Amino acid sequence: MKHLMRRLAPDSKALKEHRHFQVFGRLLHDPNLWHLNRRSAAGAFAIGLFMMYMPPFGQMLMAAAAAIAFRVNLPISVALVFVTNPVTIPPMFYFAYLVGAWVLGRAVAPFDLEFWAQPANWVTILSPLALGCLLCAIACSALGYFGVHLAWRWHVARHLQRRRARRQAPAAPGPAAAAGLSEP
């Protein structure tokens, strides 16, 4: 689990030297931001998945600031905001709009590009969209946090079971016993 996350997370040196992160200065030198353990990974998932539902401008900086404030893994927090991209933003934000409209009890506007492109329509869409984004962010954040905790515990338990099984396995027979010959 830890090896997979390390392989997928951005390089710490590259993040420290990134021009947008220069705002944080010496705060990036906190070793807790680069450790990978169950607590830091779960917190990073919570932050990254929460920030992916925030407005798409400045998500990386918001995720980095939150990771620094909560002292969780910065590379994972920043990497997870890239779940939102030009391909995923329309369905994610439309789903958030549907959730917000449902909670507020409002009629749902169809997914018609002509309707959504008109700024006058955004006045009626904005409050359900904002509420839906907040609710989806909270739900994804909680699922990510508890999901990483459960996956990490499952992985450690499986690793311990395998290690116990290797220790309890009978020793492999010697070459003479394997050939069916008995020793005198």
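None of these values were measured; they are calculated from a predicted model. (Residues numbered from 1 in each chain as written. Predicted model: local features only at pLDDT ≥ 70, side-chain atom pairs only at ≥ 80, totals over all residues. Heavy atoms only, no water.)

### Observations regarding a positive patch on the surface
- On the surface, Arg-162, Arg-163, Arg-164, Arg-166 and Arg-167 cluster together into a patch of positive charge.
- Within the fold, Arg-162 resides in helix H8 (residues 122–168). (Patch = residues over 30% accessible without salt bridge, like charges linked within 9 Å, V, L, I, M, F, W, Y side chains within 5 Å. Areas by Shrake-Rupley, 256 points an atom, 1.4 Å probe, with all protein chains shown as cover. Salt bridge = Lys/Arg side-chain N within 4 Å of Asp/Glu carboxyl O. Lys, Arg positive; Asp, Glu negative; His and termini not counted. Charge placed at Lys NZ, Arg CZ, Asp CG, Glu CD. Helix = DSSP H or I, 4+ residues; strand = E, 2+ residues; numbered from the N terminus.)

### Some remarks on helix H6 (residues 89–104)
- Taking 1.5 Å of rise per residue, the 16 residues of H6 would be expected to cover 22 Å, and the 22 Å separating its terminal C-alpha atoms lies within 8% of that figure.
- Of the surrounding secondary structure, the elements contacted by the buried residues of H6 are helix H7 (113–117) and H8.
- After H6 finishes, the residue Gly-105 shows a positive phi value of roughly 75 degrees. (Expected span 1.5 Å × (residues − 1). Contact = heavy atoms within 4.5 Å.)

### Quick look at the nonpolar core
- Residues Met-51, Tyr-53, Leu-74, Tyr-97 and Leu-129 are the most contacted members of the largest nonpolar core, which totals 38 residues.
- Counting only elements with at least two residues in this core, the list comes to helix H3 (38–51), helix H4 (59–70), helix H5 (74–80), H6 and H8.
- Take this core: its biggest share by element is seven residues, from H8. (Core = buried A, V, L, I, M, F, W, Y, C linked by side-chain atoms within 4.5 Å. Buried < 20%, exposed > 50% of the residue type's maximum accessible area, 1.4 Å probe, protein only.)

### What about the packing of aromatic side chains?
- Tallied over the entire structure, the rule returns three aromatic pairs.
- Considering the side-chain rings of Tyr-53 and Phe-93, the 6.3 Å spacing of their centres and the 20 degrees angle between planes classify their relative orientation as stacked. Residue Tyr-53 is located in the loop between H3 and H4, and its partner Phe-93 is located in helix H6; the two are separated by 40 residues in the primary sequence. With respect to burial, Tyr-53 and Phe-93 carry one shared label: buried.
- Between Tyr-145 and Phe-146 the ring centres are 5.2 Å apart and the planes differ by 85 degrees, which places this aromatic pair in the edge-to-face class.
- On the accessibility criterion, Tyr-145 (31% relative accessible area) is partly exposed. (Phe/Tyr/Trp six-rings, centres within 6.5 Å; stacked < 30°, edge-to-face > 60°.)

### What about the environment of Leu-135?
- Assignment of secondary structure puts Leu-135 in helix H8.
- Remark: the alpha-carbon pair of Leu-135 and Tyr-53, spanning 82 residues in sequence, is separated by 9.2 Å.
- Those residues in contact with Leu-135 that sit more than four places away from it in its chain are Val-99 and Val-103.

### Points about H4
- The terminal C-alpha atoms of H4 lie 16 Å apart, and with twelve residues this matches the ideal 16 Å at 1.5 Å per residue to within 8%.
- If you follow the buried residues of H4, they end up packed against H3 and H5.
- Directly beyond the C-terminal end of H4, a positive phi value near 55 degrees is found at Arg-71.

### Considering the layout of surface pockets
- In this structure, the largest pocket occupies an estimated 380 Å³ of space.
- Every residue lining the largest pocket is counted, 18 residues in all, and those nearest its centre are Ile-89, Phe-93, Trp-116, Trp-122 and Leu-129.
- Listing elements by their share of the lining of the largest pocket, those giving two or more residues are H6, H7 and H8.
- Split by residue class, the lining of the largest pocket holds 18 nonpolar, no polar and no charged. (1 Å grid on protein atoms, 1.4 Å probe; cavity = no way out; pocket = protein on both sides within 12 Å on 5 of 7 lines; lining within 4 Å. Points joined across faces, edges and corners; volume = space filled by probe spheres on them. Nonpolar A, V, L, I, M, F, W, Y, C, P; charged D, E, K, R; others polar.)

### Concerning the packing of H6 against H8
- In contact at an axis separation of 6 Å, H6 and H8 are set at 105 degrees when each is read in the N-to-C sense. Taken together, H6 and H8 sit at an angle that is classed as roughly perpendicular. On H8, the residues that touch Phe-93, Phe-95, Ala-96, Tyr-97, Val-99, Gly-100, Ala-101, Val-103 and Leu-104 of H6 are Ile-125, Ser-127, Pro-128, Leu-129, Leu-131, Gly-132, Cys-133, Leu-135 and Cys-136.
- Looking at the contact of H6 with H8 residue by residue, the class counts come to 15 nonpolar, three polar and no charged. (Axes fitted to C-alpha atoms, helices over the stretch in contact; angles between N-to-C directions. Parallel < 35°, antiparallel > 145°, perpendicular 65-115°, else oblique.)

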